[in-house]
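Given next are the chains, with one letter for each unit.
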Amino acid sequence: MSSDPRTALATLRPQGFGGRVSRVRDPLVEPLWVGVRTLAAIDGAGATLTDERGEAIDGLEWIAVALGAANLTDGLIVDGFLTKQAIHDAGGIDTGTADIPSVGRLIGQSMVGVRRNRAEEAAKAIEEERKAKVFGPNDQVSFVAIDLLWLDGESILDTPLLERRRLLESVLGESDVIRRGLFIRPPIETWVGSWRAQGFTGLTFKAANSRYLPGTSNRDWATSPMPRR
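Model, not experiment: these values are computed from the prediction.

Quick notes on the rules
Residues numbered from 1 in each chain as written. Predicted model: local features only at pLDDT ≥ 70, side-chain atom pairs only at ≥ 80, totals over all residues. Heavy atoms only, no water. Phe/Tyr/Trp six-rings, centres within 6.5 Å; stacked < 30°, edge-to-face > 60°. Helix = DSSP H or I, 4+ residues; strand = E, 2+ residues; numbered from the N terminus. Buried < 20%, exposed > 50% of the residue type's maximum accessible area, 1.4 Å probe, protein only. Contact = heavy atoms within 4.5 Å. 1 Å grid on protein atoms, 1.4 Å probe; cavity = no way out; pocket = protein on both sides within 12 Å on 5 of 7 lines; lining within 4 Å. Points joined across faces, edges and corners; volume = space filled by probe spheres on them. Nonpolar A, V, L, I, M, F, W, Y, C, P; charged D, E, K, R; others polar. Core = buried A, V, L, I, M, F, W, Y, C linked by side-chain atoms within 4.5 Å. Pairing = 2+ DSSP bridges. Axes fitted to C-alpha atoms, helices over the stretch in contact; angles between N-to-C directions.

**Details of the packing of aromatic side chains**
Here comes step 1: Applying the stated criterion across every chain yields a total of 4 aromatic pairs.
Here comes step 2: With 5.3 Å between their ring centres and 45 degrees between their planes, F17 and W221 make a pair best called tilted. Taken together, the residues F17 in strand β1 (residues 16-17) and W221 in strand β11 (residues 221-225) connect sequence positions 204 residues apart.
Here comes step 3: Of the residues examined, F17 reaches a relative accessible area of 29% and is grouped as partly exposed.
Here comes step 4: Aromatic side chains Y212 and W221 sit 5.9 Å apart centroid to centroid with 80 degrees between the ring planes, which places their arrangement in the edge-to-face category.
Here comes step 5: Here a set of aromatic residues connected by ring pairs shows up, and it is made of F17, Y212 and W221.

Right under this line is the structure:
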């Protein structure tokens, strides 16, 4: 792989979710961000952004400049989301834990299902996803980094996810429009209430030891609808 992050970026595509919650071992749990899945190659001159197809994302120069300012290394490539969601810290207020399902109950729901109007929920989710990927001139767009793929001339795709996330915290700063996505480890009950209150509609479960498989689905990564009260 090239020693230049912008050249290396051309060979990468985001990794997909291909597993089941019940089969993800030792998960790191995050809220499911909505927006445009984005890879960003960052160096001292700023950043180049590409979407899931590897096509350049233009018109967000302030994000590229902010990523360059947040870079604390010679160069890096991060996976993340361009989003209109608020990005405080994805933690926020504690809304209580009453009747919030445990991880075990959540896994059970993913296996046997729960009574829901699934057609209605699916249609709503598709419409929300469509709207989330369209940015108007007055929208406040931010970048949330969720993974680190490349650092100082070296690919770290084979480094376990937990270590990649720890490295990310040390090499990418934060600002009003740049954030590192929060992850937690079970128990998740307190956080679920907070994330639901902030408008998140889903969760992601990623094995702490998982590697990154660019452009393919990984069985060690899974998504789940946000559990109801």
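**So, the side chain of T50**
Here comes step 1: Structurally, T50 can be placed in strand β4 (residues 46-50).
Here comes step 2: Its relative accessible area of 8% is what places T50 among the buried residues.
Here comes step 3: When neighbours within four sequence positions are excluded, T50 is seen to be in contact with L9, R37, T38, L39, E55, A56 and I57.

**A look at helix α2 (residues 61-70)**
Here comes step 1: Taken residue by residue, α2 has I63, A64, A66, L67, G68 and A70 as its buried positions.
Here comes step 2: Close packing links the buried residues of α2 with β3 (36-43), β4, β5 (76-83), β6 (142-151), α5 (161-171) and β8 (178-180).

**Details of empty space enclosed by the protein**
Here comes step 1: Counting across every chain of the model gives 1 cavity of 30 Å³ or more.
Here comes step 2: By volume, the largest cavity is sized at about 60 Å³.
Here comes step 3: Lining the largest cavity are F17, E30, P31, L32, W33, R37, F81, I146, T204 and K206.
Here comes step 4: Looking at the lining of the largest cavity, the elements that each hand over two or more residues are β2 (27-31) and β9 (202-207).
Here comes step 5: Its residues assigned to classes, the lining of the largest cavity shows 6 nonpolar, 1 polar and 3 charged.

**Overview of the nonpolar core**
Here comes step 1: Within the largest apolar cluster, 26 residues are counted, with the highest numbers of intra-cluster contacts made by I63, L67, L82, F143 and I178.
Here comes step 2: In terms of residue count, the dominant contributor to this core is α2 (5 residues).
Here comes step 3: Judged by nonpolar contacts, the second largest core, of 17 residues, contains W195, F205, A222 and M226.

**Comments concerning unusual backbone geometry**
Across the chain, the bulk of peptide bonds are trans and the bulk of non-glycine residues have phi less than zero.
Here comes step 1: The linkage connecting P186 with the following residue, P187, adopts the cis geometry, with an omega of 10 degrees.
Here comes step 2: Here P187 shows up in the loop between β8 and α6 (189-197).
Here comes step 3: Not every positive phi belongs to a glycine, and D26 is a case in point at roughly 50 degrees.
Here comes step 4: In this fold, D26 is placed in the loop between β1 and β2.
Here comes step 5: On the basis of relative accessibility, which here comes to 44%, the residue D26 falls in the partly exposed class.

**Considerations on α6**
Here comes step 1: All of the buried residues along α6 are E189, V192, G193, S194 and W195.
Here comes step 2: A positive backbone phi angle near 100 degrees is found at G199, which sits one or two residues after α6.

**Examining the environment of G193**
Here comes step 1: The residue G193 is located in helix α6 in this model.
Here comes step 2: Look at G193 and you get buried, because its relative accessible area is 1%.
Here comes step 3: Between the C-alpha atom of G193 and that of R228, which follows or precedes it by 35 residues, the distance is 9.2 Å.

**Structural notes on the sheet that holds β2**
Here comes step 1: With respect to topology, 3 strands assemble into an open sheet ordered β2-β9-β11, the strand pairing being antiparallel. Only two strands of the sheet have a single neighbouring strand rather than two, namely β2 and β11. On average, each strand axis in the sheet is tilted by 25 degrees relative to the strand beside it, whichever way the strands run.
Here comes step 2: Sheet topology note: the β9/β11 ladder contains 5 bridges and is antiparallel. What sits directly across from K206, in β11, is W221.
Here comes step 3: Relative to the sheet, α5 contacts β2, β9 and β11, its axis offset from that of β2 by approximately 50 degrees.

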